Each structure stands twice: as C-alpha cells, then as structure tokens.
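Report on the structure
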Amino acid sequence: MSDQTPTPDRPSTDHLSSGPSNSPSWAGDHEPTTELGATPPAGTGGQPPYGDPYGSPFGAPAPAPRSRGRKRFAAGVLTAALVVGGGAGLGGAAAYSAWFDEDGTLSNGGGSGAVTTSPVVDTGEDDGTQTDVEQVAEAVLPSVVKLDVAGQEGAGSGSGVIISSDGRILTNNHVAEVAEGGGSITISFSDGSTAPAEIVGTDPITDIAVVQAEGVSGLTPATIGSSADLNVGEDVVAIGSPYGLDATVTSGIVSALGRPVDVGRDDQGNVTAYPAVQTDAAINPGNSGGPLVDSQGRVVGINSSIRTSGSSVTGESSGSIGLGFAIPIDDVRPIVDQIVAGEEPTHALLGISVQPVQSTTDGGAPVAAGAQVADVTDGSAAQEAGLEAQDVVIGIDDIRISDPDSLITTVRSYRPGDEVEVTYVRGGDEETTMLTLGSDGETSAG
C-alpha cells in the first residue's frame, strides 16, 4: 500500500455532467478539473485519486520504448496529488497488435466479414496552414457519437469516438461507468439512428472506456493521429455533445502540453490523472469522451475535463471558461489495445509514495520544487535504482518535476518496461539514476 498525506487546497475543476437538472452534478468537491461526462458515480467522494503512472498507442505497431528527449512539459499544476505507487490491474504489457490482423483489419476471431478500424497515421509536424474548421467538421462528425447513459446513480449524456465499423466506441470511463451494474447505454449516430451498447471494458486510472454498439455495421472509424506531434499554439477542434447538444463543433488552439490534471480517486485510492493537452476550444458538460482533433481531422486527444470558476446558483458545475483538458491519444492507445484484447489495463509503476517538498531535505539545502519520496516499495523499480525516503525527484528524462502531481502524470505517460532517467536531490546534491519502470499488473490487488 502506498502512503498518503493530507491533500492541500486546490483550485476548482470538474467532471462534466449533462444530465437533467435533478441528476447529480458531476463536479465533485475536489477542485482540480471537472470530468465532462454523464453523472457522477458513487464513491468518488470528490477526492482526486493518486496512483502510479501510465500510457501510449492503439492498434498500430508498438512504438519503440520511450527514453530521454521527449518534448513534454510537466509544469503548471492544477492540483496537489500525493501518492505515486499502488494501482490496479492484472495482466502483462500492452498488446499493441492485438487489435489488428496483419492486413490492418480487425481480428474477428475467425468470423467472416472484415471490419475496418481507425487508421493510425504519422502526423508529423504541423505545416502551419490555417485550419479549415468546416472541412474538419465534415470529415470527423460521422465518427462522433452521443451516449445517453442511465444507472442506479442517475442519468446523463456524454460523447464518444467510433473506432471500428462494427460499433466499437471509445469514450471516458466516467461516462460509461454510470451504466455499470444493470444500467443502459444508448448510442446516437450522426445519421440520426440509435443503438443500445454494452461496456467492453473500462480503466478508471486513465479514465478510458470502450463500449460496443449492438447490431450496427458500415460505420466510419475516426483517423487517429499522434499527440506527441502537437505544438503549443496549434489549431485544434473539439467535437461532442455538450449539454446533450449532439454534433457540436468548437475550435481553438493547444494552450499547453503535459498539463498535470487529476480528477478523482477510486474506491481503492487510485488516482485518475493524466498529462493533459490543454485547449481553449469550448468544452462543456457532455463533451466527455469526444475527440480533440488536429487541423487534418486526426484524433489527438479525448476530451475529459475542464477547469471551472465555481458553481452556478443551482449548484451545478459552471461551463467552459476556456480551460479544457484532453487525454493525449498516445496515452490512450495501449489502454484500448488491452481492453479490446480482454486484458486488464496496466500502468507504469515507479514504486514510491510521494509528498510535497518539505522546507529542507536530509540536512541539505532547501529544494524549491519537486516530489519528495515518503516511502519506497520493497522490490520496486525505485528501490532497485537506489531511491530512498527523503529524496526529492526533480526530473524524469528531460521533463521537469515540479510537485507530486507532475511526477504522477509524467510516469503515467510511459508504459511498463520503459527505461527512464530519474534526477533527484539527496542531502543537497543532485544525482541521477536509470531505472526500468515496473507495472501495476505485477502487484496484487491487496
């Protein structure tokens, strides 16, 4: 078990519900970001979950292991997460190729009839040309759906992205989980038709879910891009069903990359956190699970949460103030691969509990920013690499670590087995060590 410390005060952000006015408002009492989905599940308690880190690609060939040199910035914190360790999930590393046969069609277990799936393209750098939002909307709208979700805790709506022609749909966990335990999901397509859907699998730690629409075919899967190719200032378009208004298109720019965002904690204390793509495109309750796309209509993120200025007089979450957050698609893809393969999603694990930096460390000079190690798990990657309690982690590869949140979300952007360089301060001296990240699938649920 990972140690925890009291959560400091945090600015306000919410999960976004677009349910009827008498349904629960999704904004928990936690204040970092607000997920944008149907209705809040029971047991979240408004506290952000703090697990150990995750994430990377869809059904394309597995990318090379990540190492130093990535252009991510773990700066600007919305909340103060406390624990890097623990987690959920059984099973091995991501099955990157499980989704596809060699010819690029979806494996259907030997059945007849090929099913097309979302192509994954190498987007390259933005060419700087002005985005034609009309063309982007025309291309992407057929691949975006509305989800009406109902369950014991209430009802509401969210959004989703079609990833296979036979009705496999990517959305947020906080949208789909409302239907768990006997609830219902109804999918509304761009042509006006509807179909019931069942949950294929969910991953609360990354806030990702896959659902399967029943009795459909010939759908248009979205094209998948790469969030690693995004640049601050680049044009993006958000599509979804804010407040139940399906096929809503908004545009903006990438405001920041690698923004540490956490939105809640599950019953086991695992944090839902990710290194978000921040955008000023208007995102509101009901946009959850919908795509954030680039100037060519390629999905680069899954819209999940917003920062809010407070609550309305009715007690419901307020809407967009131009601070929206999407889960990077590169971090979504391996989780979807595992869900589709019938595996429990796994996440990279450092194996430490952390806390905000204290005024001094181990008798050395004060450290201005970082994540201070409170405890090291026996047998973990951190212990094998020589990390100790009281060390202050200040960098992962070329990414600056400013606080516990940024450490959690940075590790979440890697996959189990990736090798990273950890920079830390001990007794006033800066040191580095290489380690191979573990997997929460190797730990027991207890």
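The notes below deal with the structure included here. (Residues numbered from 1 in each chain as written. Predicted model: local features only at pLDDT ≥ 70, side-chain atom pairs only at ≥ 80, totals over all residues. Heavy atoms only, no water.)

Moving on: the overall build of the protein chain. For the protein chain, the count of helices and strands is five helices and 22 strands. A burial count over the protein chain gives 59% of its 446 residues as buried. Accessible surface, the protein chain: about 16200 Å² in total, of which carbon and sulfur atoms supply 47%. (Helix = DSSP H or I, 4+ residues; strand = E, 2+ residues; numbered from the N terminus. Buried < 20%, exposed > 50% of the residue type's maximum accessible area, 1.4 Å probe, protein only. Areas by Shrake-Rupley, 256 points an atom, 1.4 Å probe, with all protein chains shown as cover.)

Once that is clear, we can look at the sheet that holds strand β3 (residues 144-151). The six strands lie next to each other as β3-β4-β5-β8-β7-β6, forming a closed barrel whose pairing is antiparallel. The average angle at which neighbouring strand axes cross in this sheet is 40°, direction not considered. Bridge count between strand β4 (residues 154-162) and strand β5 (residues 168-171): two bridges; the pairing is antiparallel. Bridge assignment links Ile162 to a residue of β5, and that residue is Ile169. Along the sheet, helix α3 (residues 329-340) makes contact with β5, β7 (194-203) and β8 (208-213), crossing β8 at roughly 50°. (Pairing = 2+ DSSP bridges. Axes fitted to C-alpha atoms, helices over the stretch in contact; angles between N-to-C directions. Contact = heavy atoms within 4.5 Å.)

Inspection of the entire model under this criterion finds four salt bridges. Among the ionic pairs, Arg426 bridges to Asp391, the shortest N-O distance being 2.8 Å. With a gap of 35 residues between them, Arg426 in strand β20 (residues 419-426) and Asp391 in the loop between α4 (381-384) and β18 (392-396) connect regions that are remote in the sequence. (Salt bridge = Lys/Arg side-chain N within 4 Å of Asp/Glu carboxyl O.)

Below, the discussion takes up the nonpolar core. Of all hydrophobic cores here, the largest spans 26 residues; its most connected members are Leu170, Ile208, Val299 and Val332. Broken down by secondary-structure element, the contributors of at least two residues to this core are α1 (133-140), β8, β9 (235-240), β10 (248-265), β11 (271-279), β13 (299-307), β14 (324-328) and α3. With five residues, the top contributor of residues to this core is α3. Here Ile208 is in contact with Leu170, Thr171, Asn172, Asn173, Thr202, Asp203, Ile327, Val332, Ile335, Val336 and Ile339, once residues within four sequence places are set aside. (Core = buried A, V, L, I, M, F, W, Y, C linked by side-chain atoms within 4.5 Å.)

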